[in-house]
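Residues per chain, in single letters:
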Amino acid sequence: MNTSVENGQVGSARAWFIWTLTALAFSYAFIQRVTPSVMVDDLMAEFTIGATVLGTLSALYFYPYVLLQIPLGALIDRLGARLLIAIALTIAGFGSILFATAENLGTAYSGRLLIGIGCAVGFLGSLTIAARWFPPHRFAFFSGLVMLFGMSGGMLGQGPLASILNDVGWRNAMWALGSSGILLALMIVVFVRNAPIGHSSTTQPKQTWAQVLHGLGQALSRIDVWKIAIVASTMSGAMLTLGGLWGTPFLVATYGLDKAYAASLVSLMFLGWAFGAPTMGWLSDRIQKRKILLIIGSFILCLSLAIICFIPGLPLSFTVALFLISGFSGAAMAVCFALVRENSPSEISGSVSGIVNSLTVASGAILQPGVGFILDQVWQGEVLNGVRVYHTEDYQTGFILILASCIIGFITTLFLKEKPAKITSVME
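The rules we used
Residues numbered from 1 in each chain as written. Predicted model: local features only at pLDDT ≥ 70, side-chain atom pairs only at ≥ 80, totals over all residues. Heavy atoms only, no water. pLDDT = per-residue confidence, 0-100. Helix = DSSP H or I, 4+ residues; strand = E, 2+ residues; numbered from the N terminus. Contact = heavy atoms within 4.5 Å. Core = buried A, V, L, I, M, F, W, Y, C linked by side-chain atoms within 4.5 Å. Buried < 20%, exposed > 50% of the residue type's maximum accessible area, 1.4 Å probe, protein only. Expected span 1.5 Å × (residues − 1). Patch = residues over 30% accessible without salt bridge, like charges linked within 9 Å, V, L, I, M, F, W, Y side chains within 5 Å. Areas by Shrake-Rupley, 256 points an atom, 1.4 Å probe, with all protein chains shown as cover. Salt bridge = Lys/Arg side-chain N within 4 Å of Asp/Glu carboxyl O. Phe/Tyr/Trp six-rings, centres within 6.5 Å; stacked < 30°, edge-to-face > 60°. Lys NZ or Arg CZ within 6 Å of the ring centre and 35° of its normal.

This brings us to the confidence of the model for the chain. One rule of thumb: low pLDDT means the predicted coordinates there are not for detailed reading. Put simply, the chain has an average pLDDT of 86, and 91% of its residues get 70 or more. Taken element by element, the predicted model of the chain shows its lowest mean pLDDT in helix α1 (residues 3-6) (40) and its highest in helix α20 (residues 392-413) (96). Segment residues 423-428: pLDDT under 50, and 6 contacts once partners within four positions in sequence are set aside and those in other chains are kept.

What follows is the structure, given as structure tokens:
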């Protein structure tokens, strides 16, 4: 029996505490990811910009995030998660403060880029800690559970943050987020450890840089990894684009809601993800199958988006239900991280997870400004209080781009491969 298991460290209360701190880093990243969705009017008025530029400003979070995922996966394999998460959160904190003090668009761009850099480590770091502090057969469940933390952050970044903005303004809110990131970084330095005493990662020699680069090249050359990454990215695209930016102004324009209430309704998409991700992870561990859940989840997501895009005059309750359903079904994406690890050598697990996460976030980097560009193309020239006015049909036209990406993902799920199921007790 593993020494760390005998010592009661794997799966212990301490393990849960350590993992929770790293999961909070991903929750923080998700708050930062969606903050522009409740600042749309404020930022448009502050910097005198339209939907395309706003989409780009929001998506600047994703560009460094995407580019860093693959090397970060390799770096985590080499250096461990604790140090990287702490440094990254500190960068995100200072990026938030820079954004809060921005007097021009260039400074806002710089702050948003730093936030993206600093938020890049949380998800992969949390998965790495889960893999080392908990039994291997529970990995899909923890992939889903860390999504629950992320989506909880997404919900906090919607209705609650919108209410705070009404009281203190967007600049003070960003100051608070910056301070919180730095505080969490200090807690991770003090309390988190990369692995239990006796874990293989603490007893085996670390990989050399040459081995890291070789493993990275090996990961990049695997076609199955890229297919899984495409599925993950297209399933997350709706959440990152609707939930992360354009869903709130869509509900405001369509139903005449105030911003805080619209944001709270959009947050139901994150609620769907919050419960769907651990549920899908647990179920895939239970039945020892991944592909079928991805096929079903992707199909339901496509159907939900098609109804939003093409059927006018939907009741508010029905539209909100579609947001919830699309969140729950899209959360099947969490299974992709278990699938890619099972189809890859263990020594490149961080690298392949980085590739999948990179494309997952890339969907937001592409779709957020993409929808914004379409909105500006169909904009009819109407302006209210210095802010461009977009109508329901404009948003529906823009959302077709999201639907098209999801259809590509659904087709790709049909060609995924998975290893034969292992007979493993889920009660171990």
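Before going further, it helps to spend a moment on the nonpolar core. Counting 139 residues, the largest nonpolar core has Trp19, Phe123, Met147, Ile188, Trp246, Leu294 and Phe399 as its most contacted members. Here this core gets 14 residues from one element, more than from any other, and that element is helix α14 (residues 223-255). Isoleucine 188 has contacts with Leu21, Ala25, Arg82, Ile85, Ala86 and Leu89, leaving out every residue within four places of it along the chain.

Let us now look at the environment of arginine 290. With respect to the helices, strands and loops of the structure, arginine 290 is situated in the loop between α15 (259-287) and α16 (291-310). Judged by its relative accessible area of 5%, arginine 290 falls in the buried class. For the pair arginine 290 and methionine 280, spaced 10 residues apart in sequence, the C-alpha separation works out to 9.1 Å. Residues in contact with arginine 290, not counting those within four places in the same chain, are Ala140, Ser284, Asp285, Val335, Ala338, Leu339, Glu342 and Glu418.

Its location among the elements puts serine 405 in helix α20. Residue serine 405 is classed as buried on the basis of its relative accessible area of 15%. Ignoring sequence-local partners within four residues, the contact set of serine 405 consists of Thr234 and Leu367.

Moving on, we get to unusual backbone geometry. The phi torsion at threonine 48 lies on the positive side, around 55 degrees, for a residue other than glycine. You can see threonine 48 is positioned in the loop between α3 (40-47) and α4 (51-59). On the basis of relative accessibility, which here comes to 70%, the residue threonine 48 falls in the exposed class. For asparagine 385, which is not a glycine, the phi torsion comes out positive at approximately 55 degrees. Inspection of the secondary structure puts asparagine 385 in the loop between β1 (383-384) and β2 (387-388).

We now examine helix α8 (residues 122-133). Quick reminder: α-helices carry 3.6 residues per turn. Residues three or four places apart thus point the same way. In this model, α8 (12 residues) spans 16 Å end to end at C-alpha, consistent with the 16 Å of a helix rising 1.5 Å per residue. Three or more residues of α8 are buried, namely Gly122, Phe123, Leu124, Gly125, Ser126, Leu127, Thr128, Ile129, Ala130, Arg132 and Trp133.

This part covers a nonpolar patch on the surface. A cluster of nonpolar residues, Phe17, Leu183, Leu186, Met187, Val189, Val190 and Phe191, forms a patch on the protein surface that exposes about 630 Å² of accessible area. The biggest single contributor to the nonpolar patch is helix α11 (residues 170-191), with 6 residues. Relative to the elements of secondary structure, leucine 183 occurs in helix α11. A relative accessible area of 52% places leucine 183 in the exposed class.

Right, let's get into the pattern of salt bridges. Applying the stated criterion to the full structure yields 6 salt bridges. Residue lysine 227 is joined to aspartate 224 by a salt bridge in which the shortest nitrogen-to-oxygen separation is 3.6 Å. With lysine 227 and aspartate 224 both in helix α14 and 3 residues apart, this pair spans about one turn of that helix. With a closest N to O distance of 3.1 Å, aspartate 285 and arginine 290 form a salt bridge.

So, about the packing of aromatic side chains. The full count for this structure, using the stated rule, is 20 aromatic pairs. A ring pair is formed by phenylalanine 17 and phenylalanine 191, whose centres lie 5.4 Å apart and whose planes are at 80 degrees; its orientation type is edge-to-face. In this pair, phenylalanine 17 is assigned in helix α2 (residues 13-34) and phenylalanine 191 in helix α11, connecting sequence segments 174 residues apart. Accessibility expressed as a relative area gives 40% for phenylalanine 191, which makes it partly exposed. Ring geometry for tryptophan 19 against phenylalanine 149: centres 5.3 Å apart, planes inclined by 85 degrees, an arrangement best described as edge-to-face. With a gap of 130 residues between them, tryptophan 19 in helix α2 and phenylalanine 149 in helix α9 (residues 139-156) connect regions that are remote in the sequence. Judged by its relative accessible area of 1%, tryptophan 19 falls in the buried class. In textbook terms, an aromatic cluster arises when at least three aromatic residues are bridged by ring pairs, as seen for Trp16, Trp19, Phe134, Phe142 and Phe149. Its guanidinium or amino end placed over the ring of phenylalanine 30, arginine 33 lies 4.3 Å from that ring's centre, counting from NZ or CZ. Sitting over the ring of tryptophan 379, arginine 388 keeps its end group 4.0 Å from the ring centre.

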